[in-house]
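As a plain string of letters, each chain reads:
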Amino acid sequence: MTRGRSVLLLAHTGRPAALRSAQLVHDSLTREGLNVRMLKDEVEELAQAGFELTPVEAVEDDDAARGVELVMVLGGDGTLLRAAELARPAGAPLLGVNLGHVGFLAEAEREDLGETVRSVVERDYAVEERMTLDVAVFHNGRNEGTPSARTWALNDATLEKGDARRVLETILEIDGRPLSRWACDGVVCATPTGSTAHAFSAGGPVVWPDVDALLVVPLSAHALFARPLVVGPHTSVAFEVLPETVPGVLWCDGRRMVELPAGARIEITRADTPVRLARLHRAPFTDRLVAKFGLPVAGWRGRGEHGR
């Protein structure tokens, strides 16, 4: 049943717990006949730490997830976002085991590792697709011709000021029409998945993952109209960095950076290629919020044991 099956295993090698967990997952999967694939540099780091993984298929970053049925990630949300860069073009689902703090993208916790491995072996998981963003940058401030840079985001694309001592002047555009001009620290454009990340810390709303929408959240904006916005999934969002202001920086998922000269333009739309997440539990998103943020719900009586 398991012959020919491959799993890409990624770990936050800076965490001792991730190294030990990688050894455990590797040994458990190989005993069940699955082929374990890992990035070459991570295999070397594990070996230097005294963890020998044999057999293992060591691969380079390019096309690392091609042909695997699952990408299993040991770490926090940062590690999972790194893994998304490999999994997304291959269409492979991601399964995160949280070894960090909140770990909102992760599906399982470290104490559930054995049960999680069993679910992988038995293919006992569902796969859901999460919206991503397509991001195009035009350094000349016009959207004519080829973009100066093109990238994508699962959580958010964030425009930030390039000089901490000054504010950034930007105009927000929605579907080709100007909406407001802000003097601000920056602006976040997020997916529902990213609503609990940077946008949340900036005062944006929490959006349920099954809602089709984009979020726009200004960062410390000096303006009369500077509220978080929720717009339709097919909306085109653009930021223009005014020519007379400081240069900016664009960050996508906190990993991919593009420098923005004054006068640059950023266009953000829904991307055609989603990120696929493996889900072990069908618990409501409400329960996930309560668990991840430790929200107080003591005293709730609900509708009773039989839903009445």
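That block above? That's the structure.
Thresholds applied
- Note on numbering: residues in each chain are counted from 1, in written sequence order.
- Whole-chain, interface and lining totals are the exception, using all residues; otherwise, since this is a predicted model, local features are given only for residues with pLDDT of at least 70 and side-chain atom pairs are given and counted only at 80 or more.
- In computing side-chain values, all of the structure's heavy atoms are included and hydrogens and water are not.
- Paired rings are identified among Phe, Tyr and Trp, the last through its six-membered ring, by centres lying within 6.5 Å, and are further divided according to the angle between planes into stacked (under 30 degrees), edge-to-face (over 60) and tilted (the rest).
- Helix numbering and strand numbering both begin at the N terminus, where a helix is a DSSP run of H or I of at least 4 residues and a strand a DSSP run of E of at least 2.
- In this scheme, a residue with accessible area under 20% of its type's maximum is buried, one over 50% is exposed, and one in between is partly exposed, where area comes from a 1.4 Å probe on protein chains only.
- We call a charge positioned above a ring when the Lys NZ or Arg CZ atom is no farther than 6 Å from the ring centre and deviates by at most 35 degrees from the ring normal.
- We call two residues contacting when some pair of their heavy atoms lies within 4.5 Å.

*Asks:* Go over the packing of aromatic side chains, please, and point to the residues and values.
*Replies:* Evaluated as defined, the whole model comprises four aromatic pairs. For the pair Phe104 and Phe293, a centre-to-centre distance of 5.5 Å together with 35 degrees between the ring planes defines the contact as tilted. Of this pair, Phe104 sits in the loop between β5 (94–98) and β6 (108–109) while Phe293 sits in helix α6 (residues 285–293); the two residues are 189 residues apart in sequence, bridging distant segments of the chain. A relative accessible area of 8% places Phe104 in the buried class. For the ring pair Phe200 and Phe293, a centre distance of 5.1 Å and an interplane angle of 15 degrees mean the geometry is stacked. Taken as a pair, Phe200 in helix α5 (residues 198–201) and Phe293 in helix α6 lie far apart in primary sequence, 93 residues in all. A relative accessible area of 34% places Phe200 in the partly exposed class. Each member of the aromatic cluster is reached from another via a ring pair, and the members are Phe104, Phe200, Trp208, Phe285 and Phe293. One cation-aromatic arrangement involves Arg88 over Trp152; the distance from NZ or CZ to the ring centre is 4.2 Å. One cation-aromatic arrangement involves Arg256 over Trp152; the distance from NZ or CZ to the ring centre is 4.4 Å.

*Asks:* Help me get a handle on helix α4 (residues 113–121), residues and values and all.
*Replies:* For α4, the complete set of buried residues consists of Leu113, Thr116, Val117, Ser119, Val120 and Val121. Turning to α4, the residues buried within the fold contact β1 (6–11), α1 (16–31), β4 (70–75), β5 and β6.

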